[in-house]
Amino acid sequence: MPCPTSIRTKKTKAVGIPTIDLSQSRAITSKSIVEACQEFGFFKLINHGVPHHAIAQLESQGFDFFQKPSSEKHRAGPPNPFGYGCKSIGSNGDMGDLEYLLLPSHNPATSILQSSISNDPLTFSHVVNEYVKSVRDLGCEILDLIGEGLWLPNKSVFSNLIRDIHSDSVLRINYYPGVQHIENRELSTKSHPSNDRIGFGEHSDPQILTILRANDVDGLQISLQDSIWVPVCPDPSAFYVLIGDVFQAMTNGRFVSVRHRAMANNSKNPRMSIMYFGAPSLNTWIAPLSEMMLPNDKSLYKPFTWAQYKKAAYSLRLADSRLDLFKAS
Ligand SMILES: O=C(O)CCC(=O)C(=O)O
Ligand SMILES: [Fe+2]
């Protein structure tokens, strides 16, 4: 499916995927980010200020790891809670050819894990820390802009959640091998790769927000209110921001957590996406902010801690609407 130049909103006007240019004035960016979060729960970010070398070095470390023989990669797994995983062992609705690395974002990975991922664990750890710090700062900036755009008395109310040293944020690197690899394997089972295989099934991210960066290979698709899947053109110089379920709950449904999926890779080149999932600490209570409610508004969600949400969310199938579990009656 070719990348569209425009998508339809629920008001059925055709607009482009919202693009936020962080080099513009704060007043303009904060207003456009809030609009994008309300309408799509998704936007593209350009002029984001994350140094090119921080991205390039992590991408290169990722490729070095995923190109290792399978037996070596499995030494860094299973991802319990951090390390290497592959979807052939997943059973919650996602399928296809996907490998991944899950890494902590506040405390460095254990040295055992680092040395099972890289032959140069010190460099690996330095590269991951530099990337995480830059992207967390970017996440705080976006959340502060949202606080300003919503005219909140404390504009840092959201960013403080991911600044917290106990924040449960994580870094995930997904790897979708190129078609050559798939053909070799599938030929032996006499089937052929098709254009509609799913790499990572439909879902919304449970956290506050996700900051995603991918290389120049198609794959990511977002679903709009009318359930049409819209392919997102790859742009390795940009980041994509996805609103998660916790943000939808804190804004009492004013922001929407975007449903998305990644198609299996039909390109010759591997696809690599890197996600920073910004999350509160496990014992943070999540409930709609009073500032998000008009006097007669009812809270749409029952309060929950992030630990409760995580546990409940991961017990469901990936595609299920997990926030429904905490709908107020
Ligand atoms: O790999 C991608 O582009 C998306 C993956 C994703 O949605 C996730 O890891 O939550
Ligand atoms: Fe996701």
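Residues numbered from 1 in each chain as written. Chains lettered and ligands numbered in written order. Predicted model: local features only at pLDDT ≥ 70, side-chain atom pairs only at ≥ 80, totals over all residues. Heavy atoms only, no water.

K.L.:
It is not clear to me how the sheet that holds strand S14 (residues 271-278) should be interpreted in this structure. Could you clarify?
P.N.:
Think of a sheet as strands paired side by side through backbone hydrogen bonds, with each pair either parallel or antiparallel. Spatial ordering of the open sheet is given by S3-S4-S12-S9-S14-S7-S6-S5, a layout of eight strands whose pairing is mixed. At either end of the open sheet lies a strand with only one pairing partner, and these are strand S3 (19-21) and strand S5 (83-86). Adjacent strand axes in the sheet meet at a mean angle of 25° when their direction is disregarded. Sheet analysis places S3 next to strand S4 (residues 42-46), joined by three bridges and oriented parallel. Counterpart to Ile20 in the pairing with S4 is Leu45. Strand contacts of helix H5 (residues 121-149): S4, strand S6 (99-104), strand S7 (170-176), strand S9 (209-214), strand S12 (239-243) and S14, with the helix running at about 125° to S9, the strand carrying the most contacts. (Pairing = 2+ DSSP bridges. Helix = DSSP H or I, 4+ residues; strand = E, 2+ residues; numbered from the N terminus. Axes fitted to C-alpha atoms, helices over the stretch in contact; angles between N-to-C directions. Contact = heavy atoms within 4.5 Å.)

K.L.:
Quick question: what am I supposed to make of the packing of aromatic side chains here?
P.N.:
For any pair of aromatic rings, the description consists of the separation of the ring centres together with the inter-plane angle of the planes. Per the stated rule, a full pass over the model turns up 11 aromatic pairs. With 5.2 Å between their ring centres and 75° between their planes, Phe65 and Phe66 make a pair best called edge-to-face. When sorted by exposure, Phe65 lands in the same class as Phe66, which is buried. Grouping aromatic residues by their ring pairs yields a cluster made of Phe63, Phe65, Phe66, Tyr84 and Tyr175. Sitting over the face of the ring of Tyr100, Arg172 holds its NZ or CZ atom 3.9 Å from the ring centroid. The ring of Tyr314 carries the charged tip of Arg322 above its face, separated from the ring centre by 5.8 Å. (Phe/Tyr/Trp six-rings, centres within 6.5 Å; stacked < 30°, edge-to-face > 60°. Buried < 20%, exposed > 50% of the residue type's maximum accessible area, 1.4 Å probe, protein only. Lys NZ or Arg CZ within 6 Å of the ring centre and 35° of its normal.)

K.L.:
Can you walk me through helix H1 (residues 26-39) in this structure?
P.N.:
An α-helical turn contains 3.6 residues, so any two residues separated by three or four positions project in the same direction. Taking 1.5 Å of rise per residue, 14 residues should cover 20 Å, and H1 covers 20 Å from first to last C-alpha, within 8% of that figure. Elements in contact with the buried residues of H1: S3, S4, H5 and S12. One or two positions beyond H1, positive phi appears at Gly41, with a value near 70°. (Expected span 1.5 Å × (residues − 1).)

K.L.:
How should the sheet that holds strand S13 (residues 259-263) be read in this particular structure?
P.N.:
The sheet built from four strands is open, its strands ordered S8-S13-S10-S11 with antiparallel pairing. Because the sheet does not close on itself, it has two edges, and the strands there are strand S8 (198-203) and strand S11 (229-231). Across the sheet, the mean angle separating the axes of adjacent strands is 25° when strand polarity is ignored. Alignment of S8 against S13, held across three bridges, turns out to be antiparallel. By the bridge assignment, Ile198 is partnered in S13 with Met263.

K.L.:
Looking at this structure, how should I read the site of ligand 1?
P.N.:
Not every one of the 14 residues close to ligand 1 is listed here, only the nearest: Tyr176, His203, His260, Arg271 and Ser273. A distance of 3.2 Å separates an oxygen atom of ligand 1 from a polar side-chain atom of Asn174. In the environment of ligand 1, an oxygen atom lies 2.8 Å from a nitrogen or oxygen atom belonging to the side chain of Arg271. Notes on ligand 1: free accessible area 290 Å², of which the protein chains cover 98%. Secondary structure elements with two or more residues in the shell around ligand 1: S7, S8, S13 and S14. Tallying contributions element by element places S14 first for the shell around ligand 1, with four residues. Of the residues in the shell around ligand 1, the class split is seven nonpolar, four polar and three charged. (Near = heavy atom within 4 Å. Polar contact = N/O pair within 3.5 Å; in protein donor to acceptor, adjacent residues only side chain to side chain. Areas by Shrake-Rupley, 256 points an atom, 1.4 Å probe, with all protein chains shown as cover. Nonpolar A, V, L, I, M, F, W, Y, C, P; charged D, E, K, R; others polar.)

K.L.:
Explain helix H2 (residues 52-66) to me, please; I cannot follow it from the model alone.
P.N.:
Between its terminal C-alpha atoms H2 stretches 21 Å, which fits the 21 Å expected from 15 residues at 1.5 Å a residue. The complete set of buried residues in H2 reads Ala54, Ile55, Leu58, Glu59, Gln61, Gly62, Phe63, Phe65 and Phe66.

K.L.:
Quick question: what am I supposed to make of the nonpolar core here?
P.N.:
As a rule of thumb, nonpolar side chains are buried together in soluble globular proteins. Of all hydrophobic cores here, the largest spans 68 residues; its most connected members are Phe43, Leu45, Ile142, Ile146, Phe158, Leu171 and Phe239. Ranked by residues supplied to this core, first place goes to H5 with 12 residues. Look past the residues within four positions of Leu171 in its chain and what remains in contact with it is Leu58, Leu101, Leu102, Leu103, Val128, Tyr131, Val132, Ile274, Met275 and Tyr276. Ranked by size, the runner-up nonpolar core spans 17 residues in total, among them Leu102, Ile222, Tyr240 and Leu242. (Core = buried A, V, L, I, M, F, W, Y, C linked by side-chain atoms within 4.5 Å.)

K.L.:
So what exactly am I meant to see when it comes to the pairing of S6 here?
P.N.:
A regular strand carries its side chains on alternate faces of the sheet. In terms of burial, S6 is a largely internal element, six of the six residues being buried. Alternating positions in S6 separate into two faces, Glu99, Leu101 and Leu103 on one and Tyr100, Leu102 and Pro104 on the other, with burial throughout. Where S5 meets S6, four bridges bridge the pair, whose relative direction is antiparallel. Bridge pairing in S6 places Gly85 opposite Tyr100. Bridging between S6 and S7 involves six bridges; their strand directions are antiparallel. By the bridge assignment, Glu99 is partnered in S7 with Tyr175.

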